[in-house]
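Here is what each chain is made of, one letter per residue.
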Amino acid sequence: MRRFFYPFWHPLIKDRTPWYLSLGLVFGFVVGSTDLFTIQFPILFLLLFFFRMNLLIALSSALFAAIFVPFWDPLLHAVGRAVLVQTVSLRELWGALYHTPLIPYTRFNHTVVMGTFVFQFLFTVPALVVTYLFFSKQGERISRRIMSSRIGRLYQESPFHRGYEHYLERIK
Amino acid sequence: MKYFRLKAIPFFIAIYGLLSFYLFLFGKSHFKSYLEEYLSQLRGGEVSIGKLSLYPFSRTLELESIEVARRSLPMKNLLTIDKASIHYSLGAVFAKKLHFNDIRLEGISHNSNRSRAARPILIDKEERTVGTAPALFDVVASSLYNHLKDQIRDNPLRYINKLASGQDISSKTAALSKTDVVGELQKQKEALIEKAEKWKSRTKDWEKTVLNLVSQWQALTKDFRNIASIPRNRVQTLTLELRKAQENLGQDLGELQKEVSDSSAFESILESEIIRVQKSLGIPRESGDDFSNLLMGPKIIEFMERAAFWIDWTRNNLLTGTPDVTTQKRDRGETVHFGKPGALPNFTVLKLNVNSSARNKFQGDIQATIENFTSDPSILGKPFRGEGTAHFSDLEIKDMMGKFEIDHTGSEQKESFHLKLSSFPIENWKVLDEKGARLEIFKALIGGEFDLQFVENKISGKGTFDFSHIDSKATSTAKPIEEAVQSALGATPRITVTCELQGEVNRPQLTITSNFGKNLALSLRETFKHQIGAVEENVKHHLIQEYEPQRAEIEKLLSELHTTTLLGLERHKKTLEQILRLADKFIK
């Protein structure tokens, strides 16, 4: 029965370099914070699996964002409103986009969606850099600490992990 | 380092393929369920769709067997539409807009039977604030609603109940009679004293003016013994002054005469005061206006509430005008809409045709056309209009004709509605449901005409309705009231109601009159003639007692004004006229 899960478990955790970890964390957060009923969500979801990154981190990050980003709605709404309504110089641009085919399906004219997009635009690249540096410097140390912790030892001694090790040897 | 996971591609092709296949098989049923639920919430009653077909290549959506259930009768349909063909614009869909070029409805039925009982719909009462200004109709509905509610709250029947039960209301009569009349008369007297002073000083001024003009004329004619030698220009100058003085004096005289006649209208003042007290006591008047409000008001309020709901819905979902930016509150945050001249409106129905011919007893002959229904009228540039006729002979709905036009394309907003029908059945109408009396119309046929116009902030409307073939019942805890209502019903086999609406949108004046209201008032006055007579005598007695001393003083003031001021001014006017005649004779 456990053997059935190994082909699904392996792609989730196999990419463990600092770049894959940081990309997974940041990109997952972007996907999770994107509104579900927009045209960009399925595209981003597809890209989550198309680009090589640590899928376990990416999906966990997406889940975390989906749960906790809505608590930031008032801030996102204020930022979105400032960009859409109060910035008069951009109105012509928004007006042109509003009446262009397909663009309205991005729901860019919704204040929370726009606020989320502004934060994604501003913080994605810096977050990538910071997390990459963090994982490259501290990744090994954190991995050792997790594996030497009680949960890590329990996992390593579990039949699931032993079976997974056999699976890895087989596919090599 | 590898950047792409190519092995995922076939996996996702499979996933999206399965999803597309699922949508292909079941997408229509999901869409149908969504549409049914949305329309049911909108209506507040079940709306079901028999079959939904989508033809993407011909850009047509077809709905068949649409049933709109009646809220009060779960086994009956308010409306059934056999087939609805909707031709939409695909380009508009890409821009997230709904643009229907043509909608056709066929086979309309009313009051047909359902195969199963309609399920009750729990309305989602989520409160939405609107980013647009209130619509005209909504403001009028609110004003009328409050106006009528106040009138109905002040129910005349509650006092008749007291008379019927033999309660003595003479102390209330005395209190009401004292309250306002003395104060009013006091004010009138003080105003008259002030006016008298003012007129005295003006009369003195006129005396000086006239004396001056007379002496100028005398000086002219005295210096030049031979009239022919008097210079024409000097006479013309004097003549102009005389004419101007005559005109101004004439105006002053008219003003004073009016003030005197207004103040001396004692009988009409007393009459209006008696009516005021009678109204406060709920004594029915012969015109029956208050009963017309009581009887017809609740139905009008119900109509206004329904109209206000639909107006509110359009304000929440369809924008008006072409503002630069408007916002609509949503679950999370706000949606911002950007207006752009020349762009396609968010929602448009260019033409809707209804074509139905009677094939069974529930179906009717209906021909109707609606054009240019849009969320942005100023972008489309055409007024929203419609007209239609309907005839359901088996259901006694005959010759119904409606016409409307809503023009928000220009700077001046105009709306007009017209409805005419020769027959429409109504059932189970609780006309009156008070503690003192109940009147229910089980069945009747209504016919009439109604016209309503809005131009910017002004509203005007007129309606006349006839109720015939009336099957009704009246009951009351007081037997005399029951008999009086039955007698009024007997005297009115055909009830005619006239409504008239005029004025500004914020303060519309609604007048409802009906022959039944009048007959009811007369019938109640006849039934309680002794009690009402006693009350009316009581009212008159109290008013006259309070009024007489004030009246004597006011009459004295008016007499002084008449003899010293009014007559004086008339004398001066005659003097001026004599001199003008001489001057005119000379000029000729």
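What this report covers is the structure whose coordinates are included nearby. (Residues numbered from 1 in each chain as written. Chains lettered and ligands numbered in written order. Predicted model: local features only at pLDDT ≥ 70, side-chain atom pairs only at ≥ 80, totals over all residues. Heavy atoms only, no water.)

Quick word on the interface of chain A and chain B
The test is simple: Pairs of residues are marked as contacts when any of their non-hydrogen atoms sit within 4.5 Å. Summed over both partners, the accessible surface that disappears when two parts come together, traced with a 1.4 Å probe, is what is meant by buried area. For salt bridges, the criterion is a side-chain nitrogen of Lys or Arg within 4 Å of an Asp or Glu carboxyl oxygen. For the purposes of these results, a polar contact is taken to be a pair of N or O atoms within 3.5 Å, where, inside protein, one atom must be able to donate a hydrogen and its partner to accept one; residues adjacent in sequence count only when each atom of the pair is a side-chain atom.
Contacts between the two partners involve 37 residues from chain A, matched on the other side by 31 residues from chain B. Carbon and sulfur atoms make up 57% of the area that chain A and chain B hide from each other, which totals about 3000 Å². Summed over the shared surface of chain A and chain B, the result is 3 salt bridges. Two residues, aspartate 35 of chain A and arginine 332 of chain B, come together in a salt bridge whose shortest N-O distance is 3.6 Å. Taken together, chain A and chain B are joined by 12 residue pairs in polar contact (both at pLDDT 80 or more).

Quick notes on the packing of aromatic side chains
Heads up, the rule is: In this scheme Phe, Tyr and Trp rings, the latter by its six-membered ring, pair at centre separations within 6.5 Å, and the angle between planes marks the pair as stacked below 30 degrees, edge-to-face above 60, and tilted otherwise. Comment: elements are numbered from the N terminus, with helices defined as DSSP H or I runs of at least four residues and strands as E runs of at least two. Only protein chains enter the calculation, and the probe is 1.4 Å; a residue is then buried if its accessible area is under 20% of its type maximum, exposed if over 50%, and partly exposed in between.
A complete count under the given rule lists 21 aromatic pairs over all chains for this structure. Consider the rings of phenylalanine 51 of chain A and phenylalanine 4 of chain B, whose centres lie 5.5 Å apart with planes at 35°: the pair is tilted. Residue phenylalanine 51 of chain A is located in the loop between helix H3 (40-50) and helix H4 (55-68), and its partner phenylalanine 4 of chain B is located in the segment before helix H1 (8-43); the two belong to separate chains. We classify phenylalanine 51 of chain A as partly exposed; its relative accessible area is 28%. Residue classification places phenylalanine 4 of chain B among the partly exposed positions, given a relative accessible area of 42%.

A few points about the layout of surface pockets
Residues and elements named next belong to chain A. Selection criterion: In this analysis the probe radius is 1.4 Å and the grid spacing 1 Å, with only protein atoms considered; a cavity is a set of points the probe fits into but cannot get out of, a pocket is an open set with protein on both sides within 12 Å along at least five of seven lines, and lining residues have an atom within 4 Å of a point. Grid points are joined across faces, edges and corners, and a volume is the space filled by probe spheres set on the points.
Considered as a void within the structure, the second largest pocket measures approximately 820 Å³ in volume. Lining the second largest pocket are 24 residues, with Arg16, Leu21, Ser143, Ile146 and Met147 positioned closest to its centre. Only helix H1 (2-13), helix H2 (18-33), H4, helix H7 (111-148), helix H8 (150-157) and helix H9 (159-171) provide two or more residues apiece to the lining of the second largest pocket. By residue number, the principal contributor to the lining of the second largest pocket is H7, which donates 8 residues.

Looking at the nonpolar core
Soluble globular proteins tend to pack their nonpolar side chains together in the buried interior. Residues and elements named next belong to chain B. The test is simple: Here, nonpolar core means buried Ala, Val, Leu, Ile, Met, Phe, Trp, Tyr and Cys residues that are tied together by side-chain atoms lying within 4.5 Å of each other.
Counting residues in each nonpolar core, the largest one holds 38 residues, and the members touching the most others are Leu295, Leu439 and Phe467. Elements represented by at least two residues in this core include exactly helix H8 (289-317), strand S11 (414-433), strand S12 (437-455), strand S13 (458-476), helix H10 (479-491), strand S14 (495-504), strand S15 (508-514) and helix H11 (515-527). Here this core takes 7 residues from S12, the largest share from any one element. Those residues in contact with phenylalanine 467 that sit more than four places away from it in its chain are Ile426, Trp429, Leu445, Ile446, Pro493, Arg494, Ile495 and Val497.

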